[in-house]
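Descriptive structure summary
Here are the chains, one letter per residue:
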Amino acid sequence: QVQVVESGGGLVQPGGSLRLSCTASGSSSSINALGWYRQAPGKERELIATILSGGSTHYADSVKGRFTISRDNAKNTVYLQMNSLKPEDTDLYSCNAVIYTDYEPYDYWGQGTQVTVSS
């Protein structure tokens, strides 16, 4: 049973920083992709950043230059360093892990961690 657990959210002032962590456990297969998404109530989930097992990254335009995604393959952990936070970054941030089993990709999601940017 694969479990994905996020941590690191909280309340921060505009211009501040937060670092989110996400660990995927319980899989005997290697994790292909790890990503961070965010969703506000009543809105669609938005892809923030992804990182592949080889290290290739992709960012949403809204966070380029402010957020950095990284991963520790030995720990099956992905991080999201968020700098220069804005009130519009307030959302529930969720972690996604894509794991191939028998050549088929499967998505696993965490419960999310709330990020609130407010003075």
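Structural data are supplied above this passage.
So, a few notes on the structure that sits alongside this text. Predicted, not measured: the structure shown is a model, and the values here were computed from it.

What counts and how
Residues numbered from 1 in each chain as written. Predicted model: local features only at pLDDT ≥ 70, side-chain atom pairs only at ≥ 80, totals over all residues. Heavy atoms only, no water. Helix = DSSP H or I, 4+ residues; strand = E, 2+ residues; numbered from the N terminus. Buried < 20%, exposed > 50% of the residue type's maximum accessible area, 1.4 Å probe, protein only. Contact = heavy atoms within 4.5 Å. Core = buried A, V, L, I, M, F, W, Y, C linked by side-chain atoms within 4.5 Å. Salt bridge = Lys/Arg side-chain N within 4 Å of Asp/Glu carboxyl O.

**As for the overall build of the chain**
- When you go through the chain residue by residue, the secondary structure sums to zero helices and eleven strands.
- Starting at the N terminus, the α and β elements of the chain follow one another as β-β-β-β-β-β-β-β-β-β-β.
- Here the C-alpha coordinates of the chain stretch approximately 50 × 25 × 20 Å along the principal axes.
- Within the span of the chain, comprising 119 residues, buried residues form 40% of the whole.
- Within the chain, counting contacts between residues at least 6 apart in sequence, those at least 24 apart form 53% of the total.

**What to know about the nonpolar core**
- Membership of the largest hydrophobic core comes to 28 residues, with the highest contact counts inside it found for Trp36, Leu80, Met82 and Tyr93.
- Within the residue set of this core, elements represented by two or more residues are strand S3 (18–25), strand S4 (31–39), strand S5 (46–52), strand S7 (67–72), strand S8 (77–82), strand S9 (91–101) and strand S11 (113–117).
- When residues no more than four places from it in sequence are discounted, the contact partners of Met82 are Gly16, Ser17, Leu18, Leu20, Arg66, Phe67, Tyr93 and Val115.

**A short note on the pattern of salt bridges**
- Throughout the structure, instances matching the rule amount to five salt bridges.
- With a shortest N-O distance of 2.9 Å, Asp89 and Arg38 are connected by a salt bridge. Taken together, the residues span a long stretch of sequence, with Asp89 in the loop between S8 and S9 and Arg38 in strand S4 at a distance of 51 residues. One exposure class covers both Asp89 and Arg38, and it is buried.
- Across the pair Asp61 and Lys64 runs a salt bridge, and its minimum N-O distance is 3.2 Å. For the residue pair Asp61 and Lys64, the accessibility class agrees, reading exposed in each case.
- Connected through shared salt-bridge partners, Arg38, Glu46, Arg66, Asp89 and Asp91 make up one network.

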